[in-house]
Amino acid sequence: MDITLIVVLVIALALFFDFTNGFHDTANAMATPIATGAMKPTVAVSVAAVLNLVGAFLSTAVATSISHGLINEGPGGVAISPEMIFAGLIGAVVWNMITWLRGLPSSSSHALFGGLIGAAIVGAGFDSVNYAALLTVVIIPAFLSPVIAALVSLLATRIAYRITRRPVFPNERGGFRVGQIFTSSMVSLAHGTNDAQKTMGVITLTLIASGAQSANQGVQFWVVVACALAIALGTYTGGWRIIRTLGSGITEIRATQGFAAEASTAATILASSHLGFALSTTQVSSGSIIGAGLGRRGSKIQWSTAGKIVIAWFITLPAAAAVGAIASGIARFGVVGLVIDAVAGGIVVLGLYLWSLRKPHDSAIEIDVAANAVLTRKEQRGLQRKKRAEAVAARRAELSRERTLRRMAGRKGGRR
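Only a predicted model underlies this, so the values are computations on that prediction, with no experimental measurement involved.

## Observations regarding the overall build of the protein chain
Helix and strand counts for the protein chain stand at 15 helices and two strands. The 416 residues of the protein chain split such that 51% are buried. Of the roughly 18,800 Å² of accessible surface on the protein chain, 66% is carried by carbon and sulfur atoms.

## Comments concerning the nonpolar core
Within the largest apolar cluster, 55 residues are counted, with the highest numbers of intra-cluster contacts made by Ile85, Leu89 and Met200. The greatest single-element share of this core, amounting to 13 residues, is contributed by helix α5 (residues 82-102). Among residues more than four places away in sequence, those in contact with isoleucine 85 are Val10, Ile80, Leu116, Val202, Leu205 and Thr206. In this structure, Ala149, Ile269, Leu279 and Val284 belong to the second largest nonpolar core, which totals five residues.

## Comments concerning the pattern of salt bridges
Pairs can form between side chains of opposite charge whenever their charged atoms are close. Per the counting criterion, the structure on display carries one salt bridge. A salt bridge links arginine 395 to glutamate 398; its shortest N-O distance comes to 3.6 Å. Taken together, the residues arginine 395 and glutamate 398, both in helix α15 (residues 366-415) and three residues apart, mark about one turn of the helix. With relative accessibility at 34%, the residue glutamate 398 sits in the partly exposed group.

## Brief notes about the packing of helix α3 (residues 41-55) against helix α9 (residues 221-237)
Two elements in contact, α3 and α9, have axes separated by 8 Å at closest approach and are oriented at 170°. Relative to α9, α3 is oriented roughly antiparallel. Listed contacts from α9 to Val45, Ser46, Ala48, Ala49, Asn52 and Leu53 of α3 are Ala228, Leu229, Ile231, Ala232, Thr235 and Tyr236. Considered class by class, the residues forming the contact of α3 with α9 number nine nonpolar, three polar and no charged.

## Overview of the packing of aromatic side chains
By the definition in use, this model includes three aromatic pairs. Ring centres of phenylalanine 16 and phenylalanine 19 lie 6.4 Å apart, and the angle between their planes is 20°; on these two criteria the pair is classed as stacked. Pair noted here: phenylalanine 16 and phenylalanine 19 are both in helix α1 (residues 3-24), with a separation of three residues, about one helical turn. The class for phenylalanine 16 is partly exposed, based on a relative accessible area of 33%. Judged by relative accessible area, which is 21%, phenylalanine 19 ranks as partly exposed. Between phenylalanine 57 and phenylalanine 221 the ring centres are 6.3 Å apart and the planes differ by 45°, which places this aromatic pair in the tilted class. Here the residue phenylalanine 57 occupies a position in the loop between α3 and α4 (61-70), and phenylalanine 221 occupies one in helix α9, the gap between them amounting to 164 residues.

## Here we look at helix α8 (residues 175-209)
Helix length check: α8 (35 residues) gives 52 Å between terminal C-alpha atoms against 51 Å at 1.5 Å per residue, within 8%. Largest kink in α8: about 30°, centred on glycine 192. Positive phi shows up at glycine 211, right after α8, with a value of about 85°.

## A closer look at the side chain of serine 81
You can see serine 81 is positioned in the loop between β2 (77-78) and α5. A polar atom in the side chain of serine 81 sits 3.1 Å from the side chain of glutamate 83.

## Brief notes about a nonpolar patch on the surface
A contiguous nonpolar surface patch, about 820 Å² in accessible area, is contributed by Leu135, Ile140, Phe143, Leu144, Ile148, Val152, Ile311, Phe314 and Ile315. Breaking the nonpolar patch down by element, the ones donating at least two residues are α7 (131-163) and α13 (303-331). Among the elements that line the nonpolar patch, the one with the most residues is α7, at six residues. You can see isoleucine 148 is positioned in helix α7.

## Description of α9
Note: α-helices contain 3.6 residues per turn, so residues at a spacing of three or four share the same orientation. The end-to-end C-alpha separation of α9 is 25 Å, in line with the 24 Å expected for 17 residues at 1.5 Å each. What α9 keeps buried is the set Val223, Val224, Ala226, Cys227, Ala228, Ala230, Ile231, Ala232, Gly234 and Thr235.

## Here's the deal with the packing of α8 against α9
The N-to-C vectors of α8 and α9 enclose an angle of 130°; their axes lie 9 Å apart at closest approach. Relative to α9, the element α8 is oriented oblique. Crossing angle aside, the handedness with which α8 passes α9 is right-handed. Mapping the contact onto sequence places His191, Asp195, Ala196, Thr199, Met200, Ile203, Thr204 and Leu207 in α8 and Trp222, Val223, Val224, Cys227 and Ile231 in α9. For the contact of α8 with α9, the per-class residue count stands at nine nonpolar, three polar and one charged.

## Digging into the confidence of the model for the protein chain
Summing up the model confidence of the protein chain, the mean pLDDT is 75 and the portion of residues at 70 or higher is 75%. Highest mean pLDDT in the protein chain belongs to helix α6 (residues 108-124) (85); lowest belongs to helix α10 (residues 240-249) (52). Low confidence marks residues 168-172, where pLDDT is under 50. Its contacts with residues over four positions away, or in another chain, come to two contacts. Low confidence marks residues 360-377, where pLDDT is under 50. Its contacts with residues over four positions away, or in another chain, come to 26 contacts.

## A word on the side chain of threonine 206
Inspection of the secondary structure assignment puts threonine 206 in helix α8. Apart from residues lying up to four places away in sequence, threonine 206 is in contact with Val7, Val10, Pro82 and Ile85.

## What to know about the environment of glycine 346
In this structure, glycine 346 sits in helix α14 (residues 335-357). By relative accessible area, glycine 346 is classed as partly exposed at 38%. For glycine 346 and valine 93, which are 253 residues apart along the polypeptide, the C-alpha to C-alpha distance reads 9.9 Å.

So, how was this worked out
- Residues numbered from 1 in each chain as written.
- Predicted model: local features only at pLDDT ≥ 70, side-chain atom pairs only at ≥ 80, totals over all residues.
- Heavy atoms only, no water.
- Helix = DSSP H or I, 4+ residues; strand = E, 2+ residues; numbered from the N terminus.
- Buried < 20%, exposed > 50% of the residue type's maximum accessible area, 1.4 Å probe, protein only.
- Areas by Shrake-Rupley, 256 points an atom, 1.4 Å probe, with all protein chains shown as cover.
- Core = buried A, V, L, I, M, F, W, Y, C linked by side-chain atoms within 4.5 Å.
- Contact = heavy atoms within 4.5 Å.
- Salt bridge = Lys/Arg side-chain N within 4 Å of Asp/Glu carboxyl O.
- Axes fitted to C-alpha atoms, helices over the stretch in contact; angles between N-to-C directions.
- Parallel < 35°, antiparallel > 145°, perpendicular 65-115°, else oblique.
- Nonpolar A, V, L, I, M, F, W, Y, C, P; charged D, E, K, R; others polar.
- Phe/Tyr/Trp six-rings, centres within 6.5 Å; stacked < 30°, edge-to-face > 60°.
- Expected span 1.5 Å × (residues − 1).
- Bend = angle between axes of the 7 residues up to and from the residue.
- Polar contact = N/O pair within 3.5 Å; in protein donor to acceptor, adjacent residues only side chain to side chain.
- Patch = residues over 30% accessible without salt bridge, like charges linked within 9 Å, V, L, I, M, F, W, Y side chains within 5 Å.
- Left-handed = near helix turned anticlockwise from the far one by under 90°.
- pLDDT = per-residue confidence, 0-100.

Structure (structure tokens):
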């Protein structure tokens, strides 16, 4: 197969992965403001899409780490071919679709890294992977980032509740709901600076491997534009399954907690993007929500759901690596292998999507579920206020009747 055609196929698949990354990770920024009622679902995903687009243009540090650090460069150039990258992307896309179907907020980043590593090992041997870069840029941030985000979120939540612990007015904490619009927007911007760059790095790596650009050249502008548009479009479609898991599946989020969780998420991601660490925004967001849940007294954490998310964190990289390795092994048969990979990957993705349509209570009305979860909580709070008001009114009416009866009894006694 012509090398140009292979490169075009790889770039197309990379952009499709970027699209899945967008709808898979929308929940990172917008689950909490939707859950607390700070933003309507359609408005939330629209804002996230625009800011993901903007964030993709702010930095290329993460893209450089991937394209020039994760895969070793040998005497004849990088030790990976476009065919291997194609196989790795299939592993990432398939795993993204599986976890989306299950509503698990797994890491799209780790799915991408796992797919590339598995494909590179099978296609070029164990020496093709820079394990030092893998450890410092991927593994260590994967363990530290959710812990740091959880601790910062817990502390921020405690401080927020301490400052407003005895509000003079019942709606004094309502300002946090307004603040969530800003913090969730910052998370979307941070997501664009980190996740969109990973696909930029993969496309740049493909161009270097095919000889289309030199190893010393940075990310080309058209690559930045294409990846920014792909992740923005994916974000706009919304990942309602995962939004529901993060928004209400871990713990019931209130505006104060949502504000703290989003602020810690944005700070962690932006700092990591500046340092070139390709961390998982999903892990950071989940850790922040858990920390916010622990920070409010009386809040309950659904540890069973949190446990499933943590398991997904651990198995994502090796699972995607296994799929990428199988696809890379098939790709070694040349054109026939690439065709088999493409057809098999397309069938799996289409099959998972059709399978999701068989569960309309989880998919077709996902946006309604996300919205109704908020409306139900609002209605419950409104109903509680209404009941309290009715109880007070009834008590006042009872006291008024008692006073009236006492006055009437006094008048009758005086006449006698």
